[in-house]
Amino acid sequence: MCVIRINVKRKTDEINEVVTYLVNTFEERMTLLEALKKIQEKQEPTLGIRYGCRFKDCGLCAVKVNGKEKMACVTNAKNEMLVEPLDHVPIVQDLIVERSYITKMIRDLELIPTVKEGEASILVSDEYMAVVKCTDCQACLSSSDIYSHENRYQNAGPLFFVKLAQIYYHPRLDINYKEIAQKLGLHEYKNSPTIPCPYGVPINKLAISPFID
Amino acid sequence: MRTYEFDILCIGSGVSGLMASIAASEEHKDICIVSKDPFSWGNTRISGGVIASNQDSSLDIDILNAGRRLNSSELVETLLNDSENIHETVESWGHIYRRNGNKKIKIKPGGHSEARTYISSYKGISLGNVLRMRLLEETNVKIIEETIVCKILTHDSRVYGAICYNWIKDTWYIIYAKQIILATGGGGMLYDPHTDNMRSSTGDSYSLALQCGASLIDMEQIQFIPFGVAYPQGMTGLEIGDTAAAGPYGKLITEDGKLILGNIPSLTREEVSRKIALAMSRGSTELKDNVKLDPTANINKQDGKEAWVNTNNSGSLEAVKYAYGVKSYKWEEPFSVIPTVHYIMGGVLVDQQGCTEVDGLLVAGEAAGGVHGSGRLGSMSLFEGLVFGRKVGKIAAEQIDKTKDNPFPIKESDLIINEYKKTISNGKGSNSPFLLKKKLAEVMWKDVGLIKTEKSLLRAMEQIKKIEKLSKELFVNWKKSEQRQLILNTIELKMMVTTSKAIIVSSLIRRESRGSHYRLDYPSENNSEDYNVKVDLKDGEVQAKKYDKSIS
Ligand SMILES: Cc1cc2nc3c(=O)[nH]c(=O)nc-3n(C[C@H](O)[C@H](O)[C@H](O)COP(=O)(O)OP(=O)(O)OC[C@H]3O[C@@H](n4cnc5c(N)ncnc54)[C@H](O)[C@@H]3O)c2cc1C
Ligand code: SF4
Ligand code: FES
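Residues numbered from 1 in each chain as written. Chains lettered and ligands numbered in written order. Predicted model: local features only at pLDDT ≥ 70, side-chain atom pairs only at ≥ 80, totals over all residues. Heavy atoms only, no water.

Labelled according to an unreviewed UniProt entry, chain B appears under the name Dissimilatory adenylylsulfate reductase alpha subunit, originating from Alteribacillus iranensis.

In the annotation of an unreviewed UniProt entry, the entry for chain A reads Succinate dehydrogenase / fumarate reductase iron-sulfur subunit, and the organism field reads Alteribacillus iranensis. Its UniProt record gives chain A the following Sequence similarities (unreviewed entry) comment, quoted word for word: "Belongs to the succinate dehydrogenase/fumarate reductase iron-sulfur protein family." You can read under Pathway (unreviewed entry) in the UniProt record for chain A the words "Carbohydrate metabolism; tricarboxylic acid cycle." (UniProt positions renumbered as here; feature names shortened; annotations may be inferred.)

The following block contains the structure:
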């Protein structure tokens, strides 16, 4: 039998602290998501966690593990791990952060393309294939120190730059790049350190540089 | 508590809900789209290929073959007839199917007689994103996400609204609407963890429909995709692939290397899943043994190597790599497989317009039954969601023009919600909905799964009724926001109990084995009698009976 300790940063109306839980892994490998689900099932039914697909397709389970953004479903549970919610995005409860503002932002910032007239080419570039992988997991908002949720209408953050890049590299879509880049506050990121993405989207190279002149 | 009023309420934002809402908004109706997941999430996001339209009759034949004569031929006909220009339409919105030069690439999933699946540029994510973008262009659409519809409200067998709980904001709503589109998807979580579905797929569709007076059909037909991940903990049930994922030379073997089955790609999902189950159980209902997929013979052959590349491109080998390591990923050694719940073929009984017996309730996507009968071919459901979603959205809009204003009953909205809460839990108990859901899924997997018998089904019904009883005494405090997920899961649990019962009573009635339904006590197909099984909720009891479409 093998018991590991998982430390979870909790936040509810009543709690605001790191709580340690013991999880029995029966000497087998276990994903971190599974360990969190076990805690919710057996020990703490009010522990807030968010997930969907259990294997990296849906982008819903991003958390911070020992200070780094990770997808909980493709991270192995290890003894003494510290699990925290993403930074910079308002916490709903425990490890659950807000998401619905993403839909609102796309609408409000008019991140909605037009389709080019005529029989445009449908050949897809490597760049398009690299940016289309984004799952809206929000890890990049958490890891970038430039992003601030309060200022998101001046400085929208990498997730939204990737949305713009998805239009930019699309063979048939179009948008007023200059104006939108301005609206999104892309220039703030001119000298941003490399922003990691769990899905390997090269954010700086494909979603920031092309829009900064 | 808040109330809203719209012409049309669309429940669900997967492919079918998004298509329905787009179609209805194009007709200038006021629409509200509600989803339990974030907006535009659902199984659609984690899926893949889409059937090409404008087929010759061979697709029709393949669909009916896989469904073993239980399909509604009218619905299949509507699907094919109405599919015209569907792919051109989604591409004109920015979706991209992969091409070789100017030609869209087509691949052949298991069970199809020819290559006819298009591949989206990046799986369901790309399709979901394009449909999201398209719908957000429309200004007459209200989006309410992370909100579960708990109950559809009816008066005199006509819908007028729905009770909803926003589990992120911990707020209750009543949304009044004249037409309601149910596009809430499937229910793999009834078999958790033996499913590749999203967490949100708790079968709400079936329970919501039953509870407001609609009927279900073919609920005993649950599709298991043959190759799912067996371990480690947390990965059990994830999809590896269907019969095509064995490669042309893959075979199934026992733990000690004995051959169970070869020539896999020519077989349907149903046939291979059943073979694996029988090998695992050695003739009982209990799954004991481990079965392995041995794909190693592929890597010495040209077409075998190509099959690896195709399977790898589809993304499903990544789960193999993460679960079993690089050698299995490269098809250099056999690995354990276990069938996993992928799709619910049964669903709400609808006519060719997607309408139900309840006035104002329409259904599209995996929530609806009838198209697939007792077996579903790969790549069919995104196609079905696109085509029927669009159709049902249009019909709902037309109905708005036809119906005069229907005054909503004047009951206090607060009262409606409080009455509902009382039916969910007395708030005094100590049981956790998470544990009860887990128990329910264990019962379904063990006794209502790959192999069923009269005995196992009756045992399951007894267990589900026990769970139902315990679920009335849950640990729920409506006033504490930290209970938001507990409340969500409590609402889901209640619906899962009803849907499980519908699956069990249907499985009891079908005293034969057909398609995905395997009865150890009636192991062969009864060729002399083709019938469907219809489920209704009468006086609080879930009841099933044989249903002959030709008579109704
Ligand atoms: C791993 C996997 C791979 C697949 N691959 C393919 C493939 O390659 N090709 C193919 O054709 N099909 C595939 N399928 C099947 C296909 O994905 C689904 O059948 C299809 O996406 C169903 O679409 P839908 O719109 O009906 O439901 P979904 O896309 O599942 O959407 C359901 C929506 O309803 C919402 N919802 C559910 N309950 C409620 C409620 N009570 N209140 C409010 N909202 C609710 C959910 O939040 C969600 O937004 C796959 C499925 C899985 C799981
Ligand atoms: S760019 Fe990467 S990190 Fe940012 S939201 Fe998309 S997938 Fe997540
Ligand atoms: S649960 Fe879907 S990405 Fe982790």
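Let's pick the thread back up.
Residue and element names in this part refer to chain B. As for its position among the elements, Leu127 is in helix α5 (residues 123–136). Taking the C-alpha atoms as reference, Leu127 lies 32 Å from Ala502; in sequence the two are 375 residues apart. Once residues within four sequence positions are removed from consideration, Leu127 is found in contact with Val15, Thr44, His95 and Leu382. (Helix = DSSP H or I, 4+ residues; strand = E, 2+ residues; numbered from the N terminus. Contact = heavy atoms within 4.5 Å.)

Right, let's talk about the sheet that holds strand β6 (residues 106–107) of chain B for a bit. Residues and elements named next belong to chain B. Within the open sheet, the 3 strands sit side by side as β3-β7-β6. Their pairing is antiparallel. The open sheet is flanked by β3 (50–51) and β6, the only strands paired with a single partner. With 2 bridges connecting them, β6 and strand β7 (residues 117–118) associate as antiparallel partners. When the bridges of β7 are listed, Ile107 appears paired with Thr117. (Pairing = 2+ DSSP bridges.)

In total, this model carries 46 salt bridges over all chains according to the counting rule given. Salt-bridge contacts for Lys438 of chain B lead to Glu41 of chain A; the nearest nitrogen and oxygen are separated by 3.6 Å. Here Lys438 of chain B is found in helix α13 (residues 433–447), whereas its partner Glu41 of chain A is found in helix α1 (residues 32–42) on a different chain. With a relative accessible area of 30%, Lys438 of chain B lands in the partly exposed category. Residue Glu41 of chain A is classed as buried on the basis of its relative accessible area of 14%. Two residues, Glu468 of chain B and Lys501 of chain B, come together in a salt bridge whose shortest N-O distance is 2.9 Å. Taken together, the positions of Glu468 of chain B in helix α14 (residues 454–471) and Lys501 of chain B in helix α15 (residues 484–509) put the pair 33 residues apart, joining distant regions of the chain. Given a relative accessible area of 10%, Lys501 of chain B falls into the buried group. Look at the salt bridges and you will find they share partners, linking Arg68, Arg69, Glu220, Arg510, Glu512, Arg514, Glu525 and Asp530 of chain B into a network. (Salt bridge = Lys/Arg side-chain N within 4 Å of Asp/Glu carboxyl O. Buried < 20%, exposed > 50% of the residue type's maximum accessible area, 1.4 Å probe, protein only.)

Attention shifts here to α13 of chain B. End to end, α13 of chain B covers 21 Å across 15 residues, agreeing with the expected 21 Å (1.5 Å per residue, within 8%). Turning to α13 of chain B, the residues buried within the fold contact α1 of chain A together with β13 (222–229), β18 (335–344), α14 and α15 of chain B. A distance of 3.1 Å separates the backbone nitrogen of Phe434 of chain B from a side-chain oxygen at the start of α13 of chain B, and that oxygen is part of Ser432 of chain B. (Expected span 1.5 Å × (residues − 1). Polar contact = N/O pair within 3.5 Å; in protein donor to acceptor, adjacent residues only side chain to side chain.)

What follows covers unusual backbone geometry. Here the amide bond leading from Asp192 of chain B into Pro193 of chain B is cis, since omega sits at 5°, within 30 degrees of zero. Looking at the secondary structure, you find Pro193 of chain B in the loop between β11 (171–182) and α6 (204–211). Non-glycine residue Glu80 of chain A carries a positive phi angle of around 65°. Structurally, the position occupied by Glu80 of chain A is in the loop between β4 (68–71) and β5 (81–84). Located in the positive-phi region is Glu146 of chain B, a residue other than glycine, with phi close to 55°. Note on placement: Glu146 of chain B falls in the loop between β8 (141–145) and β9 (147–155). Take Glu146 of chain B: its relative accessible area is 2%, and that puts it in the buried class.

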